[in-house]
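# Remarks on the overall topology
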Amino acid sequence: MLADQLLPTEATKPGLSACGNCPRDHACGTVSPHHRPTSRRLSHAATAAEPSHKSTDTDRVRTFAYTVDHESLMPGVKAVVKHYFPSWDVEKDVKLVQCTAGITNKLVRCIHKPSDFSVLVRIYGKGSDVLIDRSQELLNLLTLSSLGLSPPIFGRFENGLVYGFVPGDQFSGEDMRDPHKGILVATQLARWHRVELPGTDATPKLFSTMWRWLEEVPEKYTDPGKNARFHQAFEMPALKRELAELQTALEAVRGKVGFCHNDLLSGNIIATTHGVEFIDYEYGTINYRAFDIANHFCEHAGFECEWGLYPAKEVQLPWLRTYLESSNRTVLVEDAEVEALYREVAKFSLAAHFFWAIWALVQAEISDLDFDYLEYSITRLQYMRTVKDAYLAL
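Residues numbered from 1 in each chain as written. Predicted model: local features only at pLDDT ≥ 70, side-chain atom pairs only at ≥ 80, totals over all residues. Heavy atoms only, no water.

### Here's the deal with the overall build of the protein
Each helix and strand in the protein was counted, giving 12 helices and 12 strands. Every one of the 394 residues in the protein was classed for burial, and the buried ones make up 57%. A separation of at least 24 residues holds for 75% of the contacts in the protein among residues at least 6 apart in sequence. When the accessible surface of the protein is totalled, it reaches about 16,000 Å², and 51% of it is carbon and sulfur. (Helix = DSSP H or I, 4+ residues; strand = E, 2+ residues; numbered from the N terminus. Buried < 20%, exposed > 50% of the residue type's maximum accessible area, 1.4 Å probe, protein only. Contact = heavy atoms within 4.5 Å. Areas by Shrake-Rupley, 256 points an atom, 1.4 Å probe, with all protein chains shown as cover.)

The following block contains the structure:
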């Protein structure tokens, strides 16, 4: 989950840190989709291409045995850029722009002024490996890049990556609700769900990820105030029973699977001259397609959890029809198929709430961002419980 959709802020001195206003990173790597400014946004969208069968080998990615110090960020970024672009005069000709907000990662755009060529240096957030499978992220980026669905990757270092930057306009909350732009998202998501990851089986990772995250929730939070609030609001045995019951109910749906983004909020959708592109692939895995769609619909509510903005059925149906037409590569989609997907998506929206609620419980301990993760977790779970019976009955 990522960031606020403002232009990046220029880093004027070594060690300048991200503003840290938002709990999930996006777009310029760390900008929050839950704010709705009107300024032009920058990101790293890429030209789309039809998926093809290409293999990737993560071991072939150039590796730099170097760790960027979070407390001395810009000197570390310069060292990385010097290594991968030795012909550049980093001190004279490279402008460093730190993209705002986010805590999962820190991201710096590096602009080579003589050529007006930019690359992104992503520094993994402290403790983020608890939540994110970095090997999976690398495979995602390599696979998508080979298909023209993401920027190229130039290399990796001990705690980060170097990859391409392409300008575009990051979605706002209003963009999410625009019917025409929604159709573009539906079409692009259908293409993503057809991507095949080399060496990966078709087992959805949704519940294995949630159970793994649940094990990372601390028995006792370091902060006494957080610890007291957690134990007042949650009982881990009950939470585990609730997750097990939800897993049983949703696995019985036997939904179709594919390669899913899993974090398709506004800040991770980029409007380009030819359509829309998706960015930030950290949470991408083989998963239930209905979860990916449901999570996107939930993100219409923004980080503020304004559930009145969740798309109504009459809004969802045209979107779902376009998705199925693009997925099936046909214009002959029966109403019954659209209705069936609507019911499936409604059910998997429950998992989307649970997914980010657990995520927030982990972040409440590891994040240094001044954000109330516990309250966010409580809010997501409470809303899930209010709609659970009705959705499961569909």
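### Quick notes on the packing of aromatic side chains
Enumeration according to the criterion identifies 28 aromatic pairs in this entry. Among the aromatic residues, ring-to-ring pairing joins Trp213, Tyr283, Phe291, Phe303, Phe355, Trp356, Trp359, Phe371, Tyr373 and Tyr376 into one connected group. Stacked on the ring of Tyr124, the Lys or Arg Arg134 has its end atom at 3.8 Å from the ring centre. (Phe/Tyr/Trp six-rings, centres within 6.5 Å; stacked < 30°, edge-to-face > 60°. Lys NZ or Arg CZ within 6 Å of the ring centre and 35° of its normal.)

### Section: helix α10 (residues 313–328)
Between its first and last C-alpha atoms α10 spans 21 Å; for 16 residues at 1.5 Å apiece the expected length is 22 Å, and the two agree. Taken together, the buried positions of α10 are occupied by Gln316, Trp319, Leu320, Thr322, Tyr323, Leu324 and Ser326. On the buried face of α10, the contacting elements are α5 (179–192), α9 (289–298) and α11 (335–366). (Expected span 1.5 Å × (residues − 1).)

### Observations regarding the packing of α5 against α10
The interhelical angle for the contact between α5 and α10, taken along N-to-C directions, is 35°, at an axis separation of 8 Å. Crossing angle aside, the handedness with which α5 passes α10 is right-handed. Taken together, the residues of α10 that come into contact with α5 (itself represented by Gly182, Ile183, Val185, Ala186, Thr187, Leu189 and Ala190) are Pro318, Trp319, Thr322, Tyr323, Ser326 and Ser327. Partitioned by chemical class, the residues of the contact of α5 with α10 number eight nonpolar, five polar and no charged. (Axes fitted to C-alpha atoms, helices over the stretch in contact; angles between N-to-C directions. Left-handed = near helix turned anticlockwise from the far one by under 90°. Nonpolar A, V, L, I, M, F, W, Y, C, P; charged D, E, K, R; others polar.)

### Re the sheet that holds strand β8 (residues 169–170)
If you walk across this open sheet you meet the three strands as β8-β10-β11, and the pairing is antiparallel. Edge positions in the sheet fall to β8 and β11 (275–278), since each of these pairs with one other strand and no more. Looking at chain direction, strand β10 (residues 269–272) and β11 are connected through four bridges and run antiparallel. Across the sheet, residue Thr272 finds its bridge partner in β11, namely Gly275. Each of β10 and β11 is contacted by α5, which is oriented at about 50° to β11, the strand it contacts most. (Pairing = 2+ DSSP bridges.)

### Here's the deal with the packing of α11 against helix α12 (residues 373–392)
In the contact formed by α11 and α12, the axes pass within 8 Å of each other and the chain directions differ by 160°. With respect to their mutual orientation, α11 and α12 come out roughly antiparallel. Pair α11 / α12 crosses with left-handed handedness. Within the contact of α11 with α12, the residues separate by chemical class into 19 nonpolar, four polar and three charged. (Parallel < 35°, antiparallel > 145°, perpendicular 65-115°, else oblique.)

### Re the side chain of His193
Take His193: it is sitting in the loop between α5 and α6 (206–216). When near neighbours in sequence (up to four residues on either side) are disregarded, His193 contacts Gly258, Phe259, Cys260, Arg289, Asp292 and Tyr323.

### Looking at the nonpolar core
Core analysis: the biggest nonpolar cluster contains 96 residues, and Leu206, Val217, Ile293, Trp319, Leu320, Phe354 and Trp359 have the highest contact counts within it. At 19 residues, α11 tops the list of elements feeding residues into this core. If sequence neighbours within four positions are ignored, Leu206 has contacts with Asn287, Tyr288, Phe291, Phe348, Ala351 and Phe355. Counting residues in each nonpolar core, the second largest holds 20 residues, with Val68, Met74, Val121 and Val162 among its members. (Core = buried A, V, L, I, M, F, W, Y, C linked by side-chain atoms within 4.5 Å.)

### A word on the state of the cysteines
Evaluated as defined, the whole model comprises zero disulfides. Cys305 takes part in no disulfide bond, and the closest cysteine sulfur, belonging to Cys298, lies 9.4 Å away. (Disulfide = S-S within 2.5 Å.)

### Observations regarding unusual backbone geometry
One non-glycine residue, Asn262, adopts positive backbone phi at about 75°. Take Asn262: it is sitting in the loop between β9 (257–260) and β10. Positive phi, close to 60°, is recorded for Asp280, a residue that is not glycine. Looking at Asp280, the relative accessible area reads 2%, which means it is buried.

### Structural notes on α6
When α6 is considered as a whole, its buried residues turn out to be Leu206, Phe207, Thr209, Met210, Trp213 and Leu214. The buried residues of α6 occupy one face: seen down the axis, they fall within an arc of 155°. Taken together, the buried residues of α6 touch α8 (236–251), β12 (285–288), α9 and α11. (Arc of directions from axis to C-beta.)

### Some points on the pattern of salt bridges
Side chains that differ in charge, positive against negative, can pair when their charged atoms come close. All chains considered together, the criterion is met by 17 salt bridges. Members of the salt-bridge network, linked through shared partners, are Arg122, Asp129, Arg134, Glu137, Asp280 and Glu282. (Salt bridge = Lys/Arg side-chain N within 4 Å of Asp/Glu carboxyl O.)

### Describing the confidence of the model for the protein
Confidence along the protein averages 85 in pLDDT terms, with 84% of residues attaining 70 or more. Predicted confidence is poor over residues 2–21, with pLDDT under 50, and the contacts of this stretch with residues over four places away or in other chains come to 98 contacts. Within the model, the stretch residues 29–55 combines pLDDT values under 50 with 143 contacts to residues more than four positions away or in other chains. (pLDDT = per-residue confidence, 0-100.)

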